[in-house]
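# A closer look at the structure
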Amino acid sequence: MPRPHVHVNVAMSLDGKLDTAARNGAPISSVPDRARVDRLRAGVDAVLVGGRTLLAENPGLTVKSLALRQERKALGQPENPIKVGVVSEIGPDDLPADGAFLAGGPAEVFLFTSGRTPRKVVARLESARARVVVNGKTRPKLETVLETLYQAGVRKVLVEGGGTILAEFFRFGLVDEVSAYIAPCLFGGATAPTLADGPGLLPEEYSRLRLVSVEKFDEQGGILVHYTIPS
Ligand SMILES: NC(=O)c1ccc[n+]([C@@H]2O[C@H](COP(=O)([O-])OP(=O)(O)OC[C@H]3O[C@@H](n4cnc5c(N)ncnc54)[C@H](OP(=O)(O)O)[C@@H]3O)[C@@H](O)[C@H]2O)c1
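As the structure is a prediction and not an experimental result, all values here were calculated from the model.

## A word on the pattern of salt bridges
In this structure the tally under the stated criterion is nine salt bridges. Across the pair Arg3 and Asp176 runs a salt bridge, and its minimum N-O distance is 2.9 Å. Of this pair, Arg3 sits in the segment before strand 1 (5-12) while Asp176 sits in the loop between helix 7 (163-171) and strand 7 (177-182), and the two are 173 residues apart along the sequence. Owing to a relative accessible area of 29%, Arg3 belongs among the partly exposed residues under this scheme. We note a salt bridge from Glu160 to Arg41, for which the minimum N-O separation is 2.8 Å. Of this pair, Glu160 sits in the loop between strand 6 (156-159) and helix 7 while Arg41 sits in helix 1 (residues 31-42), placing them 119 residues apart in sequence.

## Notes on the side chain of Thr194
Positionally, Thr194 belongs in the loop between strand 7 and strand 8 (210-216). Under the relative-accessibility criterion, Thr194 is labelled buried at 18%. Within the structure, Thr194 has its side chain in polar contact with the side chain of Asp197 (distance 2.5 Å). Excluding anything up to four places from it in sequence, Thr194 contacts Gly16, Lys17, Leu18 and Gly163.

Procedures and definitions
- Residues numbered from 1 in each chain as written.
- Predicted model: local features only at pLDDT ≥ 70, side-chain atom pairs only at ≥ 80, totals over all residues.
- Heavy atoms only, no water.
- Salt bridge = Lys/Arg side-chain N within 4 Å of Asp/Glu carboxyl O.
- Helix = DSSP H or I, 4+ residues; strand = E, 2+ residues; numbered from the N terminus.
- Buried < 20%, exposed > 50% of the residue type's maximum accessible area, 1.4 Å probe, protein only.
- Polar contact = N/O pair within 3.5 Å; in protein donor to acceptor, adjacent residues only side chain to side chain.
- Contact = heavy atoms within 4.5 Å.

Rendered as structure tokens:
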């Protein structure tokens, strides 16, 4: 089955952490990096995050720049990419209708979840105009997520983390491109999230990356690395 092009983008510390061990959403990006991520979002059809990031941070995932949103509209695209959450279990108090994920926009919203999410919650999310796809007994399958998005017209997806969902994208060979802003800081912590968490990849599952570019990115000393993953 065809699937969309998948671009993974993260901000991380020099030791590869996406957050501190406290998992409070530590600020890692610089102002120029946030502008770069905004341009990346403006260039895709959908932006996707994993369950813990979504439920803990309730991110808006919209394009912040008015000029970029207007450029999208001039090209006949929706003002913002589709927002996608891949969440195994959504509770009654998660994702309020007036929160940034559901209400920030205008944007279409897809939620992929499993049979662990109660039907009442699914109905509430649907009444908040989310398209809820229930798939899998414990976790939604990423192949199904990408196939469904492709069928909805999505050709390019930006996956923004966190480390658990990213590891599964890498494990199944579902990533085409990786960019990472490496901030001049070091967080440490064996339990802090990284670019690829989960149980670890087997040798046959390792992703072999091809370097596209590496640049000194900003005055703060941040570095931007960009790789592709040949299929
Ligand atoms: N610096 C950055 O660029 C950046 C970006 C995003 C997030 N973050 C940080 O990353 C941390 C969160 O990362 P995280 O690893 O804890 O969580 P995550 O990757 O955001 O979400 C993982 C959860 O998604 C659910 N899930 C549903 N379907 C899945 C599937 N097919 N494969 C894998 N997981 C699936 C699982 O829930 P169940 O276990 O219940 O099944 C899993 O635990 C936060 O600290 C956040 O601030 C940083």
